[in-house]
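# Report on the structure
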Amino acid sequence: MNPETSHDPKRQAPALPPIAMSPRVLLGPGPDMVHPRVTAAMTAPLLGHLDPDFLALMDGTQQLLRYAFRTDNRLSLPISGTGSAGMEAAVASLIEPGDPVLVCINGYFGGRIAEMARRHRGEVETIERPWGEVFGADEVRDALRRRPARVVAIVHAETSTGALQPLQEIAQVVHEAGAILIVDAVTSLGGVPLEVDGWDLDVVYSGTQKCVGAPPGLAPVTIGPRGEAKLSARRTPVDTWYLDLSILQRYWGPERTYHHTAPISLNFALYEALRMIAEEGLEVRWERHLRNAQLLWDGLAELGMSLHVAAGHRLPSLTTVRIPDGVDDAAVRTRLLRDYGIEIGGGLGTLKGRVWRIGLMGYSSRPENVELLLGALRRILRTPEAA
Ligand SMILES: Cc1ncc(COP(=O)(O)O)c(C=O)c1O
């Protein structure tokens, strides 16, 4: 051994322990739990991304995605990347430099869309509502009268606030004004009613780690006829190569032209998760999410806690509950995780320190999880060290 290198740390092979994660009850804003069938799907033997068996799985995934999105859109595909990649693919591909854009902001993720739209050189205007409230169609109409836009973007299910945004009338107003509508459905797809064709939504993106019931890493996207037309009429190339929907559509279209090496195992997981959505049936699944949310809302009320979002606008997949006065936010979440293995989320942005965010999405949305959390909260809030 060379004495000069024997003490050089970068030449010492690290001897680290293998992965040994304790199972968690994931009741936060995502990722949520995945069914063992989905975990098992990821252990299927790896295939080449142009293997005929994988190409057949891509066809099946697209068919299942159309079912989950309730659409006939040809262009329905999973982007390789998390929900933010879906957001950026939609924003970058549909907005051309100089396009007037209207972004509706009533929470953290609306703000992220506006930031992306600016970076892709849209002329962005925003309308805002307090976090926890939703937009009315009139507000969007007025904003478009004040300044017409070519693209409008809005979040269906604001994970930062727990508010569910009605979309149908807004889509109509946007189309009357000659614009197209981009919708963030990251926390709604597979858990909350979403009708892409029925509500005439033009471009909708989501993520796999929430109500869809798969691990994070893919972003289902669907693009309708108006979105396709705007994409093909672009005068300038999309300013990101990886997330350019106009070239990605050739990989996911009949040509199957190589674009990137798809994350095969994650696509197996998504396929199985989507199969489970189809087996359960969308309406039954939406009903399950609502029923378990109602159980949670009733239980929190019994504990004397109040919900941040008014009844009627509450999102079944994500609940924001106000942290009682004098209770230490971080101490309670630490005890939930340490003593019960339960993860819930803290507040984001203006709601930081004011609310907890409880997700009941996909496989996490089960009555036994609700009861476990309520029981744990009851005990923790009774003991003085939580205060
Ligand atoms: C509404 C919404 N949009 C976008 C995102 C971004 O998704 P990701 O964190 O998977 O990139 C999230 C993530 O929580 C979200 O809740």
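Being a predicted model, the structure only gives us computed values, none of them experimental.

## Structural notes on the site of the ligand
Residues in close proximity to the ligand total 14 residues, the closest being Thr 82, Gly 83, Ser 84, Thr 159 and Val 186. The greatest single-element share of the shell around the ligand, amounting to 3 residues, is contributed by helix H3 (residues 83–94). Residue classes in the shell around the ligand are distributed as 6 nonpolar, 7 polar and 1 charged.

## A closer look at helix H6 (residues 168–176)
Those residues of H6 that fall on the buried side of the exposure criterion are Ile 170, Ala 171, Val 173 and Val 174. Buried residues along H6 cover an arc of 165 degrees about the axis, so they all sit on one side. Facing away from the buried side of H6, by more than 90 degrees, are the exposed residues Gln 168 and Glu 176. Against helix H5 (137–146), strand E5 (151–155) and strand E8 (180–184) lie the buried residues of H6. Gly 178 sits one or two positions beyond H6 and adopts a positive phi of about 80 degrees.

## A closer look at the packing of helix H2 (residues 52–69) against helix H9 (residues 264–280)
It is at 9 Å that the axes of H2 and H9 come closest, and there the two elements cross at 40 degrees. Considering the angle they form, H2 stands oblique to H9. Both H2 and H9 take part in a crossing whose hand is left-handed. For the pair H2 and H9, the contacting residues are Phe 54, Leu 57, Gly 60, Thr 61, Leu 64, Leu 65, Tyr 67 and Ala 68 in the first and Ile 264, Asn 267, Leu 270, Tyr 271, Leu 274, Arg 275, Ile 277 and Ala 278 in the second. Counted by class, the contact of H2 with H9 contains 12 nonpolar, 3 polar and 1 charged residues.

## Notes on the domain arrangement of the protein chain
Each assigned domain of the protein chain is listed here: domain 1 (25–32 + 281–386) and domain 2 (37–279). For domain 1 and domain 2, the distance between their C-alpha centroids amounts to 27 Å. In this complex, domain 1 contributes 27 residues to the contact, which on the side of domain 2 involves 25 residues. Contributing elements (two or more residues each) for the side of domain 1 that touches domain 2: helix H10 (282–302) and strand E11 (318–322).

## A word on unusual backbone geometry
Cis rather than trans, the peptide bond between Gly 30 and Pro 31 has omega equal to 5 degrees. Looking at the element boundaries, Pro 31 is found in the loop between strand E1 (25–26) and helix H1 (36–41). Of note in this structure, Arg 121 is not a glycine but carries a positive phi near 65 degrees. You can see Arg 121 is positioned in the loop between helix H4 (108–119) and strand E4 (123–128).

## As for the sheet that holds strand E13 (residues 345–346)
The strand order across the open sheet built from 3 strands is E11-E14-E13, with neighbouring strands paired in antiparallel fashion. At either margin of the open sheet sits one strand with a lone partner, and together these are E11 and E13.

## Some thoughts on the sheet that holds strand E10 (residues 218–223)
Reading across from one edge, E2-E10-E9-E8-E5-E3-E4 is the order of the 7 strands in this open sheet, with mixed pairing throughout. Only two strands of the sheet have a single partner each, and these edge strands are strand E2 (75–80) and E4. Sheet twist, expressed as the mean angle between neighbouring strand axes with direction ignored, is 20 degrees. Pairing of E5 with E8, which is carried by 5 bridges, proceeds in the parallel orientation. Counterpart to Ala 153 in the pairing with E8 is Ile 182. Together, E2, strand E9 (203–205) and E10 form the strand contacts of H2, whose direction differs from that of E2 by roughly 105 degrees.

## Brief notes about H5
Among all positions in H5, only Val 140, Ala 143 and Leu 144 are buried. The buried side chains of H5 occupy one side of the element, clustering within an arc of 95 degrees when seen end-on. The outward face of H5, more than 90 degrees from its buried face, is lined by the exposed residues Asp 138, Asp 142, Arg 145 and Arg 146. In this fold, the buried residues of H5 make contact with strand E3 (100–105), E4, E5 and H6.

## Considerations on the nonpolar core
By size, the foremost hydrophobic cluster in this structure holds 110 residues, and its most contacted members are Val 91, Val 103, Ala 117, Val 151 and Val 152. Ranked by the residues each element gives to this core, the list is headed by H9, at 8 residues. Residues from two domains meet in this core; each of domain 1 (25–32 + 281–386) and domain 2 (37–279) gives at least three. Filtering out sequence-adjacent residues up to four positions away, Ala 117 remains in contact with Val 91, Ile 95, Val 101, Val 103, Gly 122, Val 124 and Ala 153.

## As for the environment of Gly 217
With respect to the helices, strands and loops of the structure, Gly 217 is situated in the loop between E9 and E10. Note on Gly 217: 21 C-beta atoms within 10 Å, which makes it buried.

Parameters and conventions
- Residues numbered from 1 in each chain as written.
- Predicted model: local features only at pLDDT ≥ 70, side-chain atom pairs only at ≥ 80, totals over all residues.
- Near = placed C-beta within 6 Å.
- Helix = DSSP H or I, 4+ residues; strand = E, 2+ residues; numbered from the N terminus.
- Nonpolar A, V, L, I, M, F, W, Y, C, P; charged D, E, K, R; others polar.
- Buried ≥ 20, exposed ≤ 12 C-beta atoms within 10 Å, placed from the backbone.
- Arc of directions from axis to C-beta.
- Contact = placed C-beta atoms within 7 Å.
- Axes fitted to C-alpha atoms, helices over the stretch in contact; angles between N-to-C directions.
- Parallel < 35°, antiparallel > 145°, perpendicular 65-115°, else oblique.
- Left-handed = near helix turned anticlockwise from the far one by under 90°.
- Domains from an automatic or database assignment.
- Pairing = 2+ DSSP bridges.
- Core = buried A, V, L, I, M, F, W, Y, C linked by C-beta atoms within 7 Å.

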